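# Secondary and tertiary structure notes
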Amino acid sequence: MRVKKPVVVITGASTGIGRATALRFARGGASVVLAARRPEALEQLAAECRGHGGQALAVPTDVGSAADVQALAARTVERFGRIDVWVNNAAVTFFSPFLDVPLDDFRRVLEVNVMGCVHGCRAALLQMQRQGSGVLVNVSSVVGEIAQPYTSAYSMSKAAIRALGVSLRSELKLGKQAGIKVCTVMPATVDTPFFQHGGNYTGRKALAMPPVYTPARVARAITRLARHPRPETVVGPMGRVMVLQHRLAPRLMERVMAVQVDKTHLSRTEPAPAGAGNIHVPSPEPQEAAAEGGWHGRRKTARRRMAAGLVLLAAATGIKAVRMRPGPCAAERTPAS
């Protein structure tokens, strides 16, 4: 977008991708409005953003509440006069067999991840329509393309966010509102505290499934979209490989995903107590929250998994080619004797 110092609203800003994105925008001189459920963490982040030269406003918000999100938009416009970029990033999850998770947890994941995004889109688009411009960025996931076992509600929610983006882009085009852009970001596994915070009913500790990318990498993608919007962006080479694999050979990729989750996403040696994690209430963490989760998301891990992914991609491409190869036409068939 053309605004040199945009006003940016970020939900789920206290940790992980949201925190990294806020700091990156602040370093570029943007005014950032930070939303999450933890006031202390938000205030600490706001002070850090101001230290980079940007303006910052902390607004404690539960995105599952439409009233909270409307108040977030109102506070932003009252303080800065406009909303140039809105990033819907807030999300929660659980790890559990489908039949074991409490329905209240399942419902709350959809409320935060799906309705939270809906609330954000409505608040942002109302203001952007008044302005005639703006960029709306919705953070989905690679699991919005290829769902995982044991994260049924989360996978559903990320697929719904992708679908919402397509629908909104279509409406904006029909309404000839070319100045408003809707972008969907689909990260692969990111090194954030998300896995420690989630609910868990598997009896096994949740781990970040490699390859693990840094939150800074996703933040770069989001800030790039603010300047040069595009409909969908997959973050992480392995994520792009997985998406392509699934489109070429979905059954093969679903089997691969199931095996990988069982082997690397849930520990085989470390147990985990049953509980809802931060689904209903914020995690009881110290005031200073972190962007990274200690999973060491670096390129070395990515390269190792990338090599394996390319092998799978080649196999999937070969399978697809065989399936699509036309059979002999009638003139080429050998008559039966």
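Residues numbered from 1 in each chain as written. Predicted model: local features only at pLDDT ≥ 70, side-chain atom pairs only at ≥ 80, totals over all residues. Heavy atoms only, no water.

### Some remarks on empty space enclosed by the protein
Tallied over the entire structure, the rule returns one cavity of 30 Å³ or more. Taken together, Thr11, Val63, Asn88, Asn89, Ala90, Val112, Asn113, Gly116, Cys117, Val139, Lys158 and Ile161 make up the full set of residues lining the largest cavity. Those elements that provide at least two residues to the lining of the largest cavity are helix 4 (103-131) and helix 5 (152-174). Residue contributions to the lining of the largest cavity peak at four residues, all from helix 4. Residues that form the lining of the largest cavity fall into these classes: six nonpolar, five polar and one charged. (1 Å grid on protein atoms, 1.4 Å probe; cavity = no way out; pocket = protein on both sides within 12 Å on 5 of 7 lines; lining within 4 Å. Points joined across faces, edges and corners; volume = space filled by probe spheres on them. Helix = DSSP H or I, 4+ residues; strand = E, 2+ residues; numbered from the N terminus. Nonpolar A, V, L, I, M, F, W, Y, C, P; charged D, E, K, R; others polar.)

### A closer look at the packing of aromatic side chains
A complete count under the given rule lists four aromatic pairs for this structure. Aromatic side chains Phe94 and Phe106 sit 5.8 Å apart centroid to centroid with 45° between the ring planes, which places their arrangement in the tilted category. Placement of the pair is Phe94 in strand 5 (residues 94-95) and Phe106 in helix 4, with a sequence separation of 12 residues. The exposure classification of Phe94 matches that of Phe106, with both residues buried. Through pairs of rings, three or more aromatic residues link up here, namely Phe94, Phe98 and Phe106. (Phe/Tyr/Trp six-rings, centres within 6.5 Å; stacked < 30°, edge-to-face > 60°. Buried < 20%, exposed > 50% of the residue type's maximum accessible area, 1.4 Å probe, protein only.)

### Examining the pattern of salt bridges
Going through the model one piece at a time under the given rule, you end up with 11 salt bridges. With a closest N to O distance of 2.9 Å, Glu145 and Arg162 form a salt bridge. Taken as a pair, Glu145 in the loop between strand 6 (134-139) and helix 5 and Arg162 in helix 5 lie far apart in primary sequence, 17 residues in all. Judged by relative accessible area, Glu145 falls into the buried class, the value being 14%. Relative accessible area serves as the criterion here: at 15%, Arg162 is assigned to the buried category. When salt bridges that share partners are traced, they join Glu145, Arg162, Glu232 and Arg247 into one network. (Salt bridge = Lys/Arg side-chain N within 4 Å of Asp/Glu carboxyl O.)

### What to know about the sheet that holds strand 7 (residues 180-187)
Pairing is parallel across the open sheet formed by seven strands, whose spatial order is 3-2-1-4-6-7-10. Both outer strands of the open sheet, strand 3 (56-60) and strand 10 (232-235), are each paired with one neighbouring strand and no more. Neighbour-to-neighbour, the strand axes of the sheet open up by a mean angle of 15°, direction not taken into account. In terms of strand pairing, strand 1 (residues 7-11) meets strand 2 (residues 31-36) through five bridges, oriented parallel. Looking at strand 2, one finds that Val9 is bridged to Val33. (Pairing = 2+ DSSP bridges. Axes fitted to C-alpha atoms, helices over the stretch in contact; angles between N-to-C directions.)

### A look at the packing of helix 3 (residues 66-80) against helix 4
Orientation of helix 3 relative to helix 4, taken along the N-to-C sense of each, is 30°, at an axis distance of 9 Å. By the angle between their directions, the pair helix 3 and helix 4 is classed as roughly parallel. Our pair here, helix 3 against helix 4, has a crossing hand that is right-handed. Taken together, the residues of helix 4 that come into contact with helix 3 (itself represented by Ala66, Val69, Ala73 and Val77) are His119, Gly120, Ala123 and Gln127. In the contact of helix 3 with helix 4, the residues fall into five nonpolar, three polar and no charged. (Parallel < 35°, antiparallel > 145°, perpendicular 65-115°, else oblique. Left-handed = near helix turned anticlockwise from the far one by under 90°. Contact = heavy atoms within 4.5 Å.)

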